Amino acid sequence: MWVPALAEQPPVTLQHHNLCSHAILLAGKIRSNVASLLESYVERQGLDRTISLDSVEGVPGPAMEQGGELTVAVRLGANLQAYRALQTLLGEVLEEQGFHLTPLDMDFHASIQSILLQVAALAYQLEELLALLSHGRPAWEAAGPRPSQLV
Amino acid sequence: MGTVSKMSSRWSWVMNAVYIFVSICSLGVSGGLVQSCGYIIPESPLLTLGSNFTALCILNESCLDFGNIHASQIIWKIKSSVVPKEQYRVINRTVSSVTFRDTSTLATPLTCNVLADGQIEQNIYGIAVTLGLPPEKPENLSCIVRQMSKNKFIMTCTWNPGRDTFLATDFCLKSQWPLETLPDCKPKGVNNSCEISNVQFFVNLEVWVEAKNALGKAESEHINFDPVDIVKPLPPRILTVSSGELPTVLKLSWENQIIVVEMELKFNIRYRISDSTDWMEVPPEDTASHRTSFTVQSLKPYTKYVFSLRCMKKDGLGYWSDWSKEKSGVTSEAKPSKGPPLWRKIDISHSPNSWTVHLIWKELDRSEANGIILRYEVTVRARPSLSRPPEKYSVNSTHLTLNLTNGTYDVTVTAHNRIGGSPPSVLLIPASNSKASVKDIKAYPKDGKLWVEWTAPDNSVVKYVIEWCMVSDSSDCTTEWQQELGTSQSTFLKGDIKPFKCYLITVYPLYTNGQGNGQSTKAYLQQSMPEKGPTVQTKKVGKAEAVLVWKPLAVDEQNGFIRYYTILYRTISGNETAVNVDPSKTEYTLSSLSSDTLYMVKMEAHTDEGGTSGPVFTFTTQKFGKGEIEAIVVPVCLAFLLSILLGVLFCFNKRDLIKKHIWPNVPDPSKSNIAQWSPQTPTKHNFSSKDQMYPEGSFTDVSVVEIEADDKKSFSEQDLKPFNLLKKEKNTSEGHSSGIGGSSCMSSPRQSVSDSDESESAQNTSSTVQYSTVVLNGYRDQIPSVQVFSRSESTQPLLDSEEKPEDNPGGGESATPRQQYFKQNSSQDETSTDGSHFERAKQVTPPINEEDLVGLTQLQISDHSSQPCGSGQEKNKPESALADVLSPSTEGQILRLETMGINTATVDEIPKSYMPQTVRQGGYMPQ
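Residues numbered from 1 in each chain as written. Chains lettered and ligands numbered in written order. Predicted model: local features only at pLDDT ≥ 70, side-chain atom pairs only at ≥ 80, totals over all residues. Heavy atoms only, no water.

Side note on the overall build of chain A
Inference 1: Looking only at helices and strands, chain A features 6 helices and 0 strands.
Inference 2: Scanning chain A from its N terminus toward the C terminus, one meets helices and strands in the order α-α-α-α-α-α.
Inference 3: Taking all 151 residues of chain A together, the buried fraction comes to 31%.
Inference 4: Partitioning the contacts of chain A with sequence separation of at least 6, the portion at a separation of at least 24 is 72%.
Inference 5: Carbon and sulfur atoms make up 58% of the accessible area of chain A, which amounts to about 9000 Å² in all. (Helix = DSSP H or I, 4+ residues; strand = E, 2+ residues; numbered from the N terminus. Buried < 20%, exposed > 50% of the residue type's maximum accessible area, 1.4 Å probe, protein only. Contact = heavy atoms within 4.5 Å. Areas by Shrake-Rupley, 256 points an atom, 1.4 Å probe, with all protein chains shown as cover.)

Considerations on the confidence of the model for chain B
Residue and element names in this part refer to chain B.
Inference 1: The predicted model of chain B averages 74 in pLDDT, with 68% of residues at 70 or higher.
Inference 2: Within the model, pLDDT remains below 50 along residues 1-33, and this stretch shows 19 contacts once partners closer than five positions in the same chain are excluded.
Inference 3: Residue range residues 683-927 is modelled with pLDDT below 50. Its contacts to residues more than four positions away, or to other chains, number 514 contacts.
Inference 4: Confidence metrics for the complex model read pTM 0.52 and ipTM 0.76. (pLDDT = per-residue confidence, 0-100.)

Considerations on the state of the cysteines
Residue and element names in this part refer to chain B.
Inference 1: Inspection of every chain in the model, using the stated rule, returns 3 disulfides over all chains.
Inference 2: There is a disulfide in this structure between Cys-57 and Cys-112, and the S-S distance comes to 1.9 Å. What sets the handedness of the Cys-57 and Cys-112 disulfide is the S-S torsion sign, and at about -80 degrees it is left-handed. Of this pair, Cys-57 sits in strand β3 (residues 53-59) while Cys-112 sits in strand β8 (residues 110-116), and the two are 55 residues apart along the sequence. No difference in accessibility class separates Cys-57 from Cys-112, as the two residues are buried. (Disulfide = S-S within 2.5 Å.)

Examining the confidence of the model for chain A
Residue and element names in this part refer to chain A.
Inference 1: When pLDDT is averaged along chain A, the result is 75, and 70% of the positions lie at 70 or above.
Inference 2: This model gives residues 1-7 a pLDDT under 50, and the stretch forms 4 contacts once residues within four places in sequence are excluded.
Inference 3: Contacts for the low-pLDDT stretch residues 147-151, under 50 throughout, to residues beyond four places or in other chains number 7 contacts.

Description of the interface of chain B and chain A
Inference 1: Counting from both sides, the interface comprises 13 residues of chain B and, opposite them, 16 residues of chain A.
Inference 2: Note on chain B versus chain A: buried area summed over both sides is about 1400 Å², and carbon and sulfur give 64% of it.
Inference 3: It is B:Leu179, B:Gln200 and B:Phe202 in chain B that bury the most area against chain A; as a group they hold 40% of the surface buried on that side.
Inference 4: The partner of A:Lys29 in a salt bridge is B:Glu262, with the nearest N and O atoms 3.5 Å apart.
Inference 5: If you look at where chain B meets chain A, you find 4 residue pairs in polar contact (both at pLDDT 80 or more).
Inference 6: Broken down by class, the residue content of the side of chain B that touches chain A amounts to 8 nonpolar, 3 polar and 2 charged. (Buried area = accessible area lost by both parts, 1.4 Å probe. Salt bridge = Lys/Arg side-chain N within 4 Å of Asp/Glu carboxyl O. Polar contact = N/O pair within 3.5 Å; in protein donor to acceptor, adjacent residues only side chain to side chain. Nonpolar A, V, L, I, M, F, W, Y, C, P; charged D, E, K, R; others polar.)

Concerning the sheet that holds strand β5 (residues 81-82) of chain B
Residue and element names in this part refer to chain B.
Inference 1: Within the open sheet, the 4 strands sit side by side as β5-β4-β8-β9. Their pairing is antiparallel. The open sheet has two edge strands with one neighbour each: β5 and β9 (120-127).
Inference 2: Direction of pairing for strand β4 (residues 74-78) relative to β5: antiparallel, over a ladder of 2 bridges. The residue bridging Ile-78 from the neighbouring strand is Ser-81, located in β5. (Pairing = 2+ DSSP bridges.)

Brief notes about the pattern of salt bridges
All names here are of chain B.
Inference 1: For the structure shown, the criterion picks out 21 salt bridges over all chains.
Inference 2: A salt bridge links Asp-184 to Lys-174; the shortest N-O distance between them is 2.8 Å. Highlighted residues: Asp-184 in the loop between β14 (180-181) and β15 (193-196) and Lys-174 in strand β13 (residues 170-177), separated in sequence by 10 residues.
Inference 3: Residues Lys-338 and Glu-368 are paired through a salt bridge, measuring 3.7 Å at the closest nitrogen-oxygen approach. In this pair, Lys-338 sits in the loop between β26 (327-330) and β27 (342-351) while Glu-368 sits in helix α3 (residues 366-369), placing the two residues 30 residues apart along the sequence.
Inference 4: Residues joined by salt bridges that share partners form a network here, namely Lys-150, Arg-237 and Glu-255.

Side note on the packing of helix α3 (residues 72-101) of chain A against helix α4 (residues 106-134) of chain A
Residue and element names in this part refer to chain A.
Inference 1: Relative to each other, α3 and α4 sit at 160 degrees, their axes nearing to 9 Å. With respect to α4, the element α3 is oriented roughly antiparallel. Regarding α3 and α4, the two cross each other, and that crossing is left-handed.
Inference 2: Partitioning the contact of α3 with α4 into residue classes produces 21 nonpolar, 8 polar and 2 charged. (Axes fitted to C-alpha atoms, helices over the stretch in contact; angles between N-to-C directions. Parallel < 35°, antiparallel > 145°, perpendicular 65-115°, else oblique. Left-handed = near helix turned anticlockwise from the far one by under 90°.)

Comments concerning the side chain of B:Asn113
All names here are of chain B.
Inference 1: Within the secondary structure layout, Asn-113 lies in strand β8.
Inference 2: Using a relative accessible area of 4% as the deciding quantity, one classes Asn-113 as buried.
Inference 3: In terms of polar contacts, Asn-113 uses its side chain to reach the side chain of Thr-111, at 3.1 Å.
Inference 4: Those residues in contact with Asn-113 that lie beyond four places of it in its chain are Gln-73, Ile-74, Ile-75, Lys-77, Glu-121, Gln-122, Asn-123 and Ile-124.

Here's the deal with the pairing of β13(B)
Here is the key point about a regular strand: its side chains alternate between the two faces of the sheet.
Residue and element names in this part refer to chain B.
Inference 1: Within β13, 6 of the 8 residues are buried, leaving the element largely enclosed by the surrounding structure.
Inference 2: By the bridge criterion, 7 bridges tie β13 to strand β16 (residues 205-213) in an arrangement that is antiparallel. When the sheet's bridge partners are listed, Leu-173 is paired in β16 with Val-209.
Inference 3: In terms of strand pairing, β13 meets β14 through 2 bridges, oriented antiparallel. Across the sheet, residue Trp-177 finds its bridge partner in β14, namely Glu-180.

Regarding unusual backbone geometry
All names here are of chain B.
Inference 1: Of note, the bond from Ile-41 into Pro-42 is cis; its omega dihedral lies within 30 degrees of zero at 0 degrees.
Inference 2: For Pro-42, the location among the structural elements is in the loop between β1 (38-41) and β2 (46-48).
Inference 3: The peptide bond linking Thr-108 to Pro-109 adopts the cis configuration, its omega dihedral lying at 5 degrees.
Inference 4: Among the secondary structure elements, Pro-109 is positioned in the loop between β7 (95-100) and β8.
Inference 5: Positive phi values are uncommon outside glycine, yet Asn-370 reaches one of about 55 degrees.
Inference 6: Mapped onto the elements, Asn-370 comes out in the loop between α3 and β29 (375-383).
Inference 7: Although it is not a glycine, Asp-447 adopts a positive phi angle of roughly 55 degrees.
Inference 8: Tracing the backbone through its elements, the reader meets Asp-447 in the loop between β34 (439-446) and β35 (449-455).

If you want it as structure tokens, here you go:
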């Protein structure tokens, strides 16, 4: 019965909580869906299943590795940057698959598109969280161009 | 003149019309392919229903020159209806307007027309008017996300599109994230729902509906939601239902169709026994967390259960899934929960000191057996238990037959399955049913079952046994039974109880130390009309009543309790009369019936549900009642007999008078002297008796005694006595030989003999005479020219005098004394003997006597019969005359006339006289 309890909280805190909750759930869903997508991708591309995703070109490393001294805002900003990069890469993959590699595999394209949307949504939620934390302009303006503009 | 002027004006009008038409057409053609004489503004307007509308019809200047047309001549029409001129307005010479305050009265097309020459209507222009409404604001927008597969969700939003706009209206479902607008969803084929296939969870979505047509657009309220909160997930898929160690639990495991990262679920689990339709549900709070298995408890052992479950988002947002496919499982076995119901049947027919006891018990219900029953163990203990050790039996069936000596026994039966044995069922078999029985047993149908109700006896009852069987004429009463607790006072029969069948139900109370007598009743589960009605017949039919009989219906035909019979009877034309009769009767007497009337009667048997009629029987009442005929016939017969008796007596008393009137003395012509003239005597007769009576040669010496009439009295009575005796004999023989003698007054020949005996009448003589008509002297003193001899047609035997001559060819006259006769001897010794009485009865009718006398006088034949015996002189005269006549004609024959038997002193006793008859052999006697 957390909803009534949250209802008693100030609106900003409630919005913050909802955003956090949604972001966490969405991040988990993205992770699950990306894992499935990765399997499909590896299968379609004929790649080695032992492929390491720890370091992908263009994707920032995990913020936690940089130490606990970073603030929440900084960590959120790093995450946002990483998801932006993922969004961009997924866009590229989708374009590449749709136009060149698997133009007829619409389910695969739909899966990529679904994750792409979720990543975009998560990025938006992270921006909102940053905005709430900083009470300033959305962080994406500082983090770089919006993924929608990239795709 | 007037006619000519009218004709000329009509022709001028036609010419003008043609001119205008040609002008308009030529104008149109010359100006282009189609160029009208005017136009309407606005062109093809789209109007809102109910709004104002004004149209202008503008005439071209060029038309005005040719047709002399003016805007005032314009007529507006909607389809073919003229718009009222009140709505027109002539703006100038070339422009006319029409105004509609409410466009709902408009229709398409709206045309502008002109009246050329005041009469010819010519269309100038027309427009199509489109009417409609702007869209209303869509209401009640709601969305649901349905899970189609593990990774596929479809969001369906529905709304109320509002009123019909009569125009093409587009609806569009719009959605957007806070910073991104998502693609629109356009309904396909409908206007109130749309489906979005690309649904993303955990992002708030703003959704609204936009409706748009030519007259405007409207937008619904915007709704915001996270699609994950409106999900209707797919139901879980049950994998297994497995039993555990405990016989009362089953473990259910399933697979969820939605991944946990998308949402966590809660569940509802329901279950039922496989042969039941009633679902039970696991408490929801027990399944409110995300899981993939659950153990259901408190189940019955060895019972098949069916499970189903559903799910929804754990926080309660969204919708419940559909129920999953059912899956069943069976719990483990346990020991039987109770012993089998036990009862007995006792045959005591073998010997008075021993019984054949059939122990019977029922199989346990599945819910009681808790497994597969493998065997039953039966223990029989005699009371007192010390007398004999208990006997034990192990049987696989549900019955056991024992031969026991009379006494009281305790019987226990336990059922065993793989796990163990049941509690024992105990039955006391007492030596006699001496305990109290139940009272007021009733049986009635209720709720489709046959209920039995009774009043318990005063003593405490351990249990009751209810026996029942179906009563039928065609089959034996096969007994079924059931047990009930001692506390119950009613139950329903647990068996295949059929409707329309009679059941005999008996309730036995069982005590701890004995058993009560059974009390019985009969009942039907469902009654109906009887299968057929009774066949009625008459046992006895009277004048005003009829006794009807019928056979009671067989039990199988009754279909219920026969409450009463109805006898329906009527005449052919009469009203039907109905009589209700008690069903216990088989006979009824209909009374007050009409006599000699055809009645039709039939009979109906009635149950509570109605009656069925039997065949019609007809009968006719009698014309006379019992004894009526006898009452009429017997008196009539008596009266008839009495009248006959009186008549006989009267005849007897008046016999002389009657004889005088209806049976007068007829003279015997054969005895007339003229018989001697007969050329021959008939030879037909042969009376041997005569031969015997007059043997040949009996009259060898005939002497003729001439008796003077005056000498009659000189014969002494002694001399005449022998002749009287002979006369008597003769009369008797004649009575035997002739059937005619006593024809008078219904007297018999025997009677005539007796009469002759009494009266010595000449009836016998006359009865044996061949009657002839002898016409000697004509009628009424007319003298016939020829004497006619006519032979009678009678076949009666002739008198002795006629028969004798040929029968006795050599015989002489018998010397048998006769009262009066003539005796004739022939040369051939033929003797014809004839005794003729000269009856002197006074009752001889005078006319006959007179005629006879006249005839005889003419023939010179004396007829003594006509003479009274007392007048001796008159008697002698004929005799003398006869002798004179006969003497010369009978050559060589000596006619000897003897007058005998004249011994009568009174009139009644005067013997009748016969005419002397002379017979010649071989011919008829001349008469």
